[in-house]
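# Close look at the chain arrangement
This is what each chain is made of:
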Amino acid sequence: MATRRSRAAARMMMAPAVVLLLGWMLVPLTMTLWFSFRRYLPMRGGDLGWAGFDNYVRFVSSSAFWPSIQATLVIVGGVLAATVALGVLLALLLDQPIWGQGVVRVLVIAPFFVMPTVSALVWKNMFMDPVNGLFAHLWRLFGAEPLAWMSEASLPSIVLIVSWQWLPFATLILLTAIQSLDREQLEAAEMDGAGPLSRFVHIILPHLSRAVTVVILIQTIFLLSVFAEIFVTTQGSFGTRTLTYLIYQRVLESQNVGLGSAGGVYAIILANIVAIFLMRIVGKNLDA
Amino acid sequence: MGRIVLEQVAKRFGDAEVIPALDLEIEDGEFAVFVGPSGCGKSTLLRLIAGLEDVSGGRILIDGADATQMAPARRGLAMVFQSYALYPHMTVRKNIAFPLRMAGLDKAEIERRVQSAAAALNLTDYLDRRPGQLSGGQRQRVAIGRAIVREPAAFLFDEPLSNLDAALRVGMRLEISELHKRLRTTMIYVTHDQVEAMTMADKIVVLQAGRIEQAGSPLELYRAPRNRFVAGFIGSPRMNFIEGEEAGRRGAFAIGVRPEDIALSREPAPGAWEGVVGVAEHLGSDTFVHVHETGLAETITVRVSGETPCAHGDRVWLTPREDAIHRFDAQGLRIA
Ligand SMILES: Nc1ncnc2c1ncn2[C@@H]1O[C@H](COP(=O)(O)OP(=O)(O)OP(=O)(O)O)[C@@H](O)[C@H]1O
Ligand SMILES: [Mg+2]
């Protein structure tokens, strides 16, 4: 693609995609920005005119704001911790030559293909139901009082469900990283007197650090906008109202589009801060 | 100390018998070189000694103790890998210190040993660099440094120089030889380069398809190769083999003459082999003349000392030194 002509042709051919993408992003973004400065209450009079920064101030000063940030961070942090830790362990296991390796790998990847709504419903009704759920039966088997997961352990439940969905992603990326580790390094370490644990700590973990960074950053972007799992389980109650869910409630439940849009702008800012981190760290790691 | 004895050691990967049972003794302080064509099982044999592969049969004795079931780290051997296998996220210092840290030595002792190894290998200026910031030769030295700090009973090298360019290879070859002279530790060295084998070894072990074809000092192998395979493998350029009438006259199925044992003349000589020059390789110190159309073999290579004015198409006469002719029977074995 070196000559001027071929570059012009390339630009022409890329134009439709670029225009489409721009429209896709710019139209909603502009609308969100526009609405965030309006008093717009669809069921209560419609567009009531200019609001200045009212919506922004009200969104942050609402008593629900900080708890929602906290819930978001707990869910993101919890899922990250669980998926990275279990992902490393699973990847180590899957790397071993075991009987039926192909089938096991497909099974491990499977949760990634289940829609979030479906998996959340399956978890809620099949596993976590306090009367008929599998966990309830299990608890009773050991003579314990079944746990009402959704109300008594709402955040851990959601972390569990979301982790289950994202574990395959983490495992897959970490598995490819482990497979790219030079076997001779492990053998050299073995000859140097490093036991299995030392080999893991001194050789495998450092080798995985780049893959772990990528997993953390990519997952963070997606986890910030977790919605379906909350919608079909707790509906934002019992302290599971994340920033995303709060925005949804402001727009659709309180029918305050202006207020919700202001929240949306905050979410965009938050996501962009994370995105900048991602670009810089991933970019730096790729350079090294 | 480092006397390594293999008794009937065999290795199978599934159904494939890579190493049929073999016996081998490597004396303490000896520099043993395994040579052989690619895929003959050199690395496998080395890895069996290192403990990185389990034997399928037989025993490995290190200093008289049965090490067959011992974990690699317990055998007191250090290995230098072809890929160097340095730890990329650690500095040179940490790489060299790693085996000592694993052995639980105290900090001061580790530092002292790392410093002395680095000094011996000219690495002092690079201690704080990572392997990625070093040249091939420097990486090679770090790998050797990591091996010597452990003060092992024996060193195992698997084609350590094959990733280096020709000039560096000669330099490192000398360094490793000097290291051996200084440390007097047993070394087992795998290579497929017969020049390395000839120059470094106290004992060469020639392998083919997992069998030991011959083991002995470089000159023993050069002077009295046990069979045609060893004869062809040791020496550069390769020995010329001639079958048929010329061999029959000397009471053999085939005869072998090394290129350096043939005299080349541009005048007809009585009993000489007549031929036409194909290519003459002028190295300055020597000239390798490849002669065709002798009616004896496809090509006969002759080594002439110094310059000789030979060109493509010249007619030449070759006279082998009768006392330097090797005779082989139909099975390829040497006739004494
Ligand atoms: N893990 C393994 N599983 C099955 N076969 C193997 C394995 N490792 C080696 N082999 C086979 O054993 C034979 C000897 O291999 P080895 O690596 O020892 O050869 P080598 O002499 O070191 O060759 P090279 O000079 O190319 O390094 C080869 O035919 C190889 O295919
Ligand atoms: Mg090899």
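Residues numbered from 1 in each chain as written. Chains lettered and ligands numbered in written order. Predicted model: local features only at pLDDT ≥ 70, side-chain atom pairs only at ≥ 80, totals over all residues. Heavy atoms only, no water.

In the nomenclature of an unreviewed UniProt entry, chain A corresponds to Sorbitol/mannitol transport system permease protein from the organism Oceanicella actignis. Annotation of chain A in UniProt includes, under Sequence similarities (unreviewed entry), the sentence "Belongs to the binding-protein-dependent transport system permease family." Turning to chain A, the UniProt annotation filed under Subcellular location (unreviewed entry) states: "Cell membrane". (UniProt positions renumbered as here; feature names shortened; annotations may be inferred.)

## Quick notes on the pairing of strand β14 (residues 273-282) of chain B
Residues and elements named next belong to chain B. Where β14 and strand β17 (residues 315-320) come together, four bridges link them in antiparallel fashion. Paired with Trp-273 across the two strands is Leu-318, which belongs to β17. In this structure, β14 lies alongside strand β15 (residues 286-292), joined through six bridges in antiparallel fashion. Of the residues in β15, the one forming a bridge with His-282 is Thr-287. A loop of three residues connects β14 with β15, the two strands running antiparallel in sequence, and Gly-284 in this loop sits at a positive phi of about 95 degrees. (Pairing = 2+ DSSP bridges. Helix = DSSP H or I, 4+ residues; strand = E, 2+ residues; numbered from the N terminus.)

## Things to note about the domain arrangement of chain B
Residues and elements named next belong to chain B. What the domain assignment lists for chain B is domain 1 (4-226) and domain 2 (237-328). Listed per partner, the contact involves four residues of domain 1 and four residues of domain 2. Ranking the residues of domain 1 by area buried against domain 2 places Tyr-222, Arg-223 and Pro-225 at the top, with a combined share of 91%. Connecting domain 1 to domain 2 are zero salt bridges. In this structure, the connection of domain 1 to domain 2 is made through two residue pairs in polar contact (both at pLDDT 80 or more). Among the residues making up the side of domain 1 that touches domain 2, the classes are represented as three nonpolar, no polar and one charged. (Domains from an automatic or database assignment. Contact = heavy atoms within 4.5 Å. Buried area = accessible area lost by both parts, 1.4 Å probe. Salt bridge = Lys/Arg side-chain N within 4 Å of Asp/Glu carboxyl O. Polar contact = N/O pair within 3.5 Å; in protein donor to acceptor, adjacent residues only side chain to side chain. Nonpolar A, V, L, I, M, F, W, Y, C, P; charged D, E, K, R; others polar.)

## Points about the sheet that holds strand β8 (residues 186-190) of chain B
Residues and elements named next belong to chain B. Read from one edge to the other, the open sheet built from six strands follows the order β6-β7-β8-β3-β9-β10, with strand pairing classed as mixed. Either end of the sheet is taken by a strand with one partner, and the two such strands are β6 (77-80) and β10 (211-216). If you compare each strand with its neighbour and ignore which way they point, the axes differ by 15 degrees on average. The pairing of strand β9 (residues 203-208) with β10 spans five bridges and is classified as antiparallel. Paired with Ile-204 across the bridge in β10 is Gly-216. (Axes fitted to C-alpha atoms, helices over the stretch in contact; angles between N-to-C directions.)

## Quick word on the pattern of salt bridges
Residues and elements named next belong to chain B. Tallying each qualifying case throughout the model produces 28 salt bridges over all chains. Arg-113 is the partner of Glu-109 in a salt bridge, and the nearest nitrogen-oxygen pair spans 3.1 Å. One end of the pair, Glu-109, and the other, Arg-113, are both in helix α3 (residues 107-120), four residues apart, so they sit about a helical turn from each other. Overall, the relative accessible area of 17% leaves Arg-113 in the buried class. Between Arg-249 and Glu-246 there is a salt bridge, with the nearest N and O atoms lying 2.6 Å from each other. (Buried < 20%, exposed > 50% of the residue type's maximum accessible area, 1.4 Å probe, protein only.)

## A word on the UniProt feature "transmembrane region" (unreviewed entry) in chain A
Residues and elements named next belong to chain A. UniProt records the feature "transmembrane region" (unreviewed entry) for residues 12-37, 69-94, 106-123, 155-178, 211-232 and 263-282 in the present numbering. With 100% helix and 0% strand, residues 69-94 has end C-alpha atoms that lie 36 Å from one another. Across residues 155-178 one finds 100% helix and 0% strand; the C-alpha atoms that close the span lie 32 Å apart.

## Observations regarding the site of ligand 1
All names here are of chain B. In the region of ligand 1, the neighbouring residues are Phe-13, Val-18, Ser-38, Gly-39, Cys-40, Gly-41, Lys-42, Ser-43, Thr-44 and Glu-159. In the environment of ligand 1, an oxygen atom lies 2.5 Å from a nitrogen or oxygen atom belonging to the side chain of Ser-43. Between ligand 1 and Glu-159 there is a distance of 3.2 Å, counted from an oxygen atom to a side-chain nitrogen or oxygen. Considering ligand 1 on its own, with 630 Å² of exposed area, one finds that the protein chains cover 56% of that surface. Take the shell around ligand 1: its biggest share by element is three residues, from helix α1 (residues 42-50). (Near = heavy atom within 4 Å. Areas by Shrake-Rupley, 256 points an atom, 1.4 Å probe, with all protein chains shown as cover.)

## A closer look at the sheet that holds strand β18 (residues 326-328) of chain B
Residue and element names in this part refer to chain B. Strand order in this open sheet of three strands is β11-β12-β18, and the pairing throughout is antiparallel. Because the sheet does not close on itself, it has two edges, and the strands there are β11 (240-243) and β18. Ignoring strand direction, the axes of neighbouring strands in this sheet form an average angle of 25 degrees. Of the strand pairs in this sheet, β11 and strand β12 (residues 254-257) are connected by four bridges, and their pairing is antiparallel. Bridging across to β12, Ile-242 finds its partner in Ile-255.

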